[in-house]
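Remarks on the overall topology
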Amino acid sequence: MSFLQLDRLSRRYDGVLAVDDLSLEVTQGEFIALLGPSGCGKTTTLQMIAGFVAPSGGRILLEGQDLTRLRPAQRGLGVVFQSYALFPHMTVAENVAFGLDMQGVRTTEQRQRVGEVLEMVGLSALADRYPRRMSGGQQQRVALARALVIRPRILLLDEPLSNLDAKLREEMQLELRHIQRSLCTTTLLVTHDQSEAMALADRIVIMNKGRVEQIGAPFETYEWPATPFVARFLGRTNLFEARVEPGVARVLIDDARWPIEACNLPDGTSLAPGAVMVSVRPEKLSITPVDETTAPTRSSGIRATVRSRIFQGNHWLIELDHRGKPVTATLPNSGGPPPAEGSPVRVDWAARDMRIRSL
Amino acid sequence: MDNNPVHQTPSAGQARQASRRLISTPYLLTGPALLLFLLIVLSPLAMTVLLSFHDWNQYRGIIEVFTTKNWLEVIQDDYFHEVLWRTLRVAIWVTLLTAMFGAPEAYILNRMRAPWRGIFLLVVLGPLLISVVARTLGWALLFGGESGAVNRALLHLGVIQEPIAFMFTETGMIVALTHVLMPYMVLSVWAALQRVDPNTENAAASLGAGSLSILGRIVFPQVLPGILAGSIIVFALAASAFATPAIIGGRRLKVASTLAYDEFLNSLNWPLGAVVAVILLVTLILIIVLTNRLVERRYAEVFR
């Protein structure tokens, strides 16, 4: 049986479904990211688990116990808020000790556990500071320590890193991952940042308009997006109109052909001949300059023109023009510069890197 | 600051000059207003203080000599002690009552949903749009002796045998002043509540706190500066209020402000009135400054 189970959870605000029939099973110690654009219902889902928002329908089960009607105080979950929500009138140590105080833990044990958890987040030296005198990153650690000290059954993180600058965010991601692994606390993270979700989570739940679009491991959801929304939301992708040739398992774009492989299609589906949509990630494209003097060789991809190239340090971002439609490619910065702007190129990719969807 | 003089570039002198100019700028900018303030606020005050040391005689009026007669009279006469103590007592009660009712009122208002919040905020602040005199006379209409509406109704219903004494009582004065000054407390606590992250309540709940613990240990400490700020405002206004004590207390039950008024305009003993006014002013300033300093010292660390 799963550790945490969300069973057909929904929440309605003034007739609008913020969360629509959401079901999810989480195993103990798992790190789950709820990912989606703002307004997709991910935060509402988290608040229903925490108990701040009552579901309009469905159940929340934790270790078989029905949490749905319990007050937040009875659930024993740790929550880290986007705003951190530290108690400004208490010192760091008092903030962290608050939860233990509420549980009636003895003062000596309180002091010891607060010390331990502050040590873990690296704030032992600042135990007597007030939160308003601390940096965003430090406040974030206090919030994490305060949620972890009560040894929560689940740790809920609501966009915890979105108020930090990029460098600090990366550091905190590593640290969060490390802490979560060492404590083995089942964790749910709400985020709109796909790279954060992929860096941290064992599984990602991609949500849109209150519904789950896909649940899967980061690599899986990136490589085999279940819906066009997921493909677009997780990184960029290029879409090509293509045809499946009758009789042969091949897909045709312009005059270029690729064999269809099993991994091109969602599991257990097949394709009928006719018009299809082919999707290829920018980093999977290879670009070769066209030498106008020699005759074009067959099957070496589609023709396009370089519209612009932007240097981004470790890679080049190249905008191409293919029959008036934009195509994006990223090339690793491995030596010489890519083809100049305005020059004709051939764009190719390995057959296994494309995803085919019938129209 | 750079300690090594060798590193000082020629521009350091210019920079110092510029910074000196920057320091003087605020004084120049506030200068005109400061002059006006000196002219129309401080000079009458100074004149009042001077006036309190002049002599007065029923036939000759104010006599411009230096005497401490008025001060000694106020300091020695029990009648003046009683009035000053009553002023202080009334102000303290009004402050306590507005805090007791105003703070929860602001909290509840803040928790209300969209249309009701605006409507009830208007209900709370609405009285500010009506003259203090009208609001106080309202109380007089309800409780004024046997003819007051509430008293008459209760008498007829047999709930009470005698009309509730309201007019010319300290209780009446406290009740009416509390009503009149409530909006200031509500506004002050309301402002403090706007700075409270509502998620701190959720955070406390998730850590196992019940509603009472949340109110007492999370919300109350965070709005305490607002309550104290509101208390200072209400205390100052209650101690110096004139219209309400004048209507409810009348001639029989005087407070410092009505006493000073009577000395000025009825007895025409301006120097004695000036003494009362100066005592009221100095007491208020002392209490307010000390309280404010206390509040700031206690909360500077927490709320920057």
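Residue positions are given per chain, counted from 1 along the sequence in the order it is written. Chain labels run from A onward and ligand labels from 1 onward, assigned in the order the entries are written. Two thresholds apply to this predicted model, a pLDDT of at least 70 for residue-level local features and 80 or more for giving and counting side-chain atom pairs, whereas whole-chain, interface and lining totals are computed over all residues. No hydrogens and no water enter the side-chain calculation; it runs on all heavy atoms of the structure.

Looking now at the interface of chain A and chain B. Contacts are assigned to residue pairs with any non-hydrogen atoms lying within 4.5 Å of each other. If you look at the interface, chain A gives 22 residues, while chain B gives 22 residues. Buried area: the accessible surface (1.4 Å probe) lost by two parts on joining, summed over both. Carbon and sulfur atoms supply 60% of the area that chain A and chain B bury against each other, a total of about 2200 Å² over both sides. Three residues, A:His89, A:Arg132 and A:Arg133, lead the burial of chain A against chain B; their summed loss comes to 27% of the area buried on that side. By salt bridge we mean one thing: a side-chain nitrogen of Lys or Arg within 4 Å of a carboxyl oxygen of Asp or Glu. If you look at where chain A meets chain B, you find 1 salt bridge.

Attention shifts here to the environment of B:Asn199. Helical segments are the DSSP runs of H or I of at least four residues, strand segments are the runs of E of at least two, and each set is numbered from the N terminus. Tracing the backbone shows B:Asn199 in helix H8 (residues 199-206). Sequence separation between B:Asn199 and B:Ile174 is 25 residues, and the spatial gap between their C-alpha atoms is 38 Å. Not counting chain neighbours up to four residues away, the residues in contact with B:Asn199 comprise A:Phe81, A:Ser83 and A:Ala85.

Before going further, it helps to examine the confidence of the model for chain B. All names here are of chain B. The pLDDT score gives, residue by residue, the confidence of the prediction method on a 0 to 100 scale. With 92% of its residues at a pLDDT of at least 70, chain B reaches an overall mean of 87. By mean pLDDT, the top-scoring element of chain B is H8 (95), and the lowest-scoring one is helix H1 (residues 11-51) (83). Overall, residues 1-8 carries pLDDT values under 50, and its contacts beyond four positions in sequence, including any with other chains, amount to 2 contacts. Complex prediction metrics read pTM 0.81 and ipTM 0.83.

Turning our attention to the sheet that holds strand S15 (residues 286-289) of chain A. Residues and elements named next belong to chain A. Pairing between strands requires that DSSP locate at least two bridges from one strand to the other. A sheet is described by the order of its strands in space; here 5 strands give the open sequence S15-S19-S16-S17-S18, paired in antiparallel fashion. Edge positions in the sheet fall to S15 and strand S18 (325-332), since each of these pairs with one other strand and no more. Neighbour to neighbour, the strand axes of the sheet diverge by 45° on average, direction disregarded. Summarising the sheet, strand S16 (residues 302-311) and strand S19 (residues 344-348) pair through 4 bridges and their orientation is antiparallel. Across the sheet, residue Arg303 finds its bridge partner in S19, namely Arg346. Lines are fitted to the C-alpha atoms to define the axes, a helix being fitted only along its stretch in contact, and any angle between axes, read from their N-to-C directions, falls within 0 to 180 degrees.

A word on the pairing of strand S10 (residues 211-216) of chain A. All names here are of chain A. Where strand S9 (residues 203-208) meets S10, 5 bridges bridge the pair, whose relative direction is antiparallel. Residue pairing in the sheet places Ile206 in a bridge with Gln214 of S10. Between S9 and S10, which pair antiparallel in sequence order, lie 2 residues; one of them, Lys209, sits at a positive phi of approximately 50°.

Attention now goes to the sheet that holds strand S12 (residues 250-253) of chain A. All names here are of chain A. Read from one edge of the open sheet, 5 strands run S13-S12-S11-S14-S20, paired in antiparallel fashion. The strands lining the two open edges of the sheet, one partner per strand, are strand S13 (256-259) and strand S20 (354-358). On average, adjacent strands in this sheet sit at an angle of 40° to one another, irrespective of strand direction. One ladder, built from 4 bridges, connects S12 with S13; its direction is antiparallel. Paired with Arg250 across the strands is Pro259, a residue of S13.

All right, on to the domain arrangement of chain B then. Residues and elements named next belong to chain B. Taken domain by domain, chain B holds domain 1 (12-51) and domain 2 (69-303). On the domain 2 side, the residues contacting the 4 residues of domain 1 number 6 residues. Both sides of the domain 1 and domain 2 interface together cover about 400 Å² of buried area, and 87% of this is carbon and sulfur. Sorting the residues of domain 1 by area buried against domain 2 places Thr48, Val49 and Leu51 first, and these three jointly supply 86% of that buried surface. There are 0 salt bridges connecting domain 1 and domain 2. Source of the domain bounds: an automatic or database domain assignment.

Below, the discussion takes up the side chain of A:Asp193. All names here are of chain A. Examined against the element boundaries, Asp193 turns out to sit in the loop between strand S8 (186-191) and helix H7 (194-200). Buried charged residue Asp193 carries no salt bridge. Nearest counter-charge: Arg169, at 4.2 Å. Throughout this description, a polar contact denotes any pair of N or O atoms lying within 3.5 Å of each other; where both atoms belong to protein, one of them has to be capable of donating a hydrogen while the other can accept it, and for residues adjacent in sequence the pair is counted only when both atoms sit in side chains. Here the side chain of Asp193 touches Ser195 through a polar contact of 2.9 Å, side chain to side chain. Sequence-distant contacts of Asp193, defined by excluding residues within four places in its chain, comprise Leu35 and Arg169. The cut-offs for exposure are 20% and 50% of the maximum accessible area for each residue type, with area from a 1.4 Å probe on protein chains only; residues under the lower value are buried, those over the upper are exposed, and the others partly exposed. Note that His is not counted, nor are the chain ends; the positive residues are Lys and Arg, and the negative ones are Asp and Glu.

Our focus in this paragraph is the nonpolar core. Side chains of a nonpolar character, in soluble globular proteins, are inclined to be buried together. In this structure, A:Leu4, A:Leu118, A:Leu144, A:Leu156 and A:Leu188 are the most contacted members of the largest nonpolar core, which totals 142 residues. Here this core takes 13 residues from helix H7 (residues 170-194) of chain B, the largest share from any one element. When sequence neighbours within four positions are dropped, the list of residues in contact with A:Leu4 reads A:Leu24, A:Glu25, A:Val26, A:Ile60, A:Leu61, A:Leu62, A:Ile154 and A:Leu188. Core analysis: the second largest hydrophobic core is formed by 29 residues, A:Phe240, A:Ile260, A:Ile287 and A:Ile302 among them. Remark: nonpolar core denotes a set of buried residues (Ala, Val, Leu, Ile, Met, Phe, Trp, Tyr, Cys) joined through side-chain atoms within 4.5 Å.

Attention shifts here to the pattern of salt bridges. Counting across every chain of the model gives 25 salt bridges over all chains. Of the charged contacts, one joins B:Arg217 and A:Asp101 as a salt bridge, the two residues approaching to 3.0 Å between their closest N and O atoms. Residue B:Arg217 is found in helix H9 (residues 211-240), and its partner A:Asp101 is found in helix H3 (residues 92-103); the two belong to separate chains. A relative accessible area of 33% places A:Asp101 in the partly exposed class.

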